[in-house]
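Observations on the model geometry
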Amino acid sequence: MELFDQQEKKINILTQPLAERMRPKTLEEFIGHTELTGKGKLLYKLYTQKKMVSAIFWGPPGSGKTTLAKMIANYIDARFYQLNAISAGVKDVREVISKAEFNQKHGQNTVLFIDEIHRFNKGQQDALLHAVEKGLVIFVGATTENPSFEVNSPLLSRCRVIKLKELDHACLEKILQNALKNDVLLKTLSITIQPDAEEFLISNVGGDARKLLNGLEISVDLSEKTKNHVTVTIDDIRNALQKRNLLYDKKGDYHYDVISAFIKSLRGSDPDAAVYWMTVMLEAGEDPLFIARRMIIAASEDVGNANPSALMLASAGLDAVHKVGMPEAGIILSQVATYLASSPKSNAAYMAYQKAREIVNETGTPDVPLHLRNAPTRLMKDEGYGKEYKYPHDFPGHFTKQQYKPDKFKNIKLYEPTEIGREKGLKDYLEEIWK
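Residues numbered from 1 in each chain as written. Predicted model: local features only at pLDDT ≥ 70, side-chain atom pairs only at ≥ 80, totals over all residues. Heavy atoms only, no water.

**A look at the packing of helix 17 (residues 309–324) against helix 18 (residues 329–342)**
In the contact formed by helix 17 and helix 18, the axes pass within 9 Å of each other and the chain directions differ by 170 degrees. As judged from the angle between their axes, helix 17 and helix 18 are roughly antiparallel. Residues Ser 309, Ala 310, Leu 313, Ala 314, Gly 317, Ala 320, Val 321 and Val 324 of helix 17 pack against Ala 329, Ile 332, Leu 333, Gln 335, Val 336, Tyr 339 and Leu 340 of helix 18. For the contact of helix 17 with helix 18, the per-class residue count stands at twelve nonpolar, three polar and no charged. (Axes fitted to C-alpha atoms, helices over the stretch in contact; angles between N-to-C directions. Helix = DSSP H or I, 4+ residues; strand = E, 2+ residues; numbered from the N terminus. Parallel < 35°, antiparallel > 145°, perpendicular 65-115°, else oblique. Contact = heavy atoms within 4.5 Å. Nonpolar A, V, L, I, M, F, W, Y, C, P; charged D, E, K, R; others polar.)

Shown next, in the form of structure tokens:
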């Protein structure tokens, strides 16, 4: 069990990693997420009004989920207890609830922070419900996964979901410069980071502030030193980022790199590479359901209508993995992965959706043509709703030409099927009927 009470555990700051030493203590020190932390925004209001609600921070690794939870808990003078869902269980949750009851009797709030809440099963999540509902604890969960899929509805309904985006280049640059200027150890050195090295570091940490600071700390250790001066080169950064064992933590930093390699192997039709990266994730303790869900996305995004069966197999794979569990779930995942990698590929459906999104976001939602509107009442029929609509099944071949798009987009082309796999049949059919 990883149980941490911030008011009881004292650590010498000089023994902490750079990322921990530079963890912001106040909202003014926090860099990024101005849409949440800016003046008048949600987290700003909670912070300044000294309030906190049960919440789930959903975002990628190193985006500030734990930092924000600790910061607000500290500002409202609440006892802060931290559990990690990988190692904690119901017993640990009940232990914190017992402490919360004691704290409440002495007029103090309790914040229970559970990292990787998506790894708690239904029973473990249910153990929180009563304490959250009665206000015994202010629950804060952190997850890299969509809470709609991973958090039970009863618990989810009692929480505010706060989504954090990946930190952008400008934020990472500020975090880097802030560490060089203000860290208790780094500011004692004269450090020069070559421009190409700084750019390489910022561009290769995937928006992860923790990985950025870990990479900086390791590269300083690896770099050439002259008396009190340190010069960090791009080779130092490369070597630092390659030291995966130093940069990896079980909170999920490395899995974003590996899942990227896995998806790109599926897309690139390399079943051997796909199974290799899949196995790396499973052996490292990755949630098999996470892998299964990503393959459902790949089945539509990368295989698409070139092999429509891929989506059905991927969906069945998710269900089977859920029922079977590890280690046998690895066999099911391997079957789905090799099938997707070996299937013909088309991203035509994906691209059609992306094009449509761009148009809708730029132009808004247009009026629906009258002949396509629903006409459930007499008044609507009198207004012309549904008039002149042609029912395709009344015509030969179950098709007749009519306009389905708004007037200003009547000539737009979104779906452009390829001539690969089964999609060629769809293309030939569409070209024949609409020629």
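**Some words on empty space enclosed by the protein**
Evaluation of the coordinates by the stated rule reveals one cavity of 30 Å³ or more. Taken as a whole, the largest cavity holds about 30 Å³ of empty space. Every residue along the wall of the largest cavity is listed here: Leu 43, Leu 46, Met 52, Val 53, Ala 55, Phe 57, Ile 72 and Ile 162. Looking at the lining of the largest cavity, the elements that each hand over two or more residues are helix 3 (42–48) and strand 2 (55–58). (1 Å grid on protein atoms, 1.4 Å probe; cavity = no way out; pocket = protein on both sides within 12 Å on 5 of 7 lines; lining within 4 Å. Points joined across faces, edges and corners; volume = space filled by probe spheres on them.)

**A few points about the sheet that holds strand 7 (residues 190–193)**
Taken in spatial order, the three strands of this open sheet run 7-9-8, and their pairing is mixed. Every other strand in the sheet has two partners, leaving strand 7 and strand 8 (224–226) as the edge strands with one partner each. Across the sheet, the mean angle separating the axes of adjacent strands is 20 degrees when strand polarity is ignored. Inspection of the sheet shows strand 8 paired to strand 9 (residues 229–232) by three bridges, in the antiparallel sense. Following the sheet pairing, Glu 224 is matched in strand 9 by Thr 231. (Pairing = 2+ DSSP bridges.)

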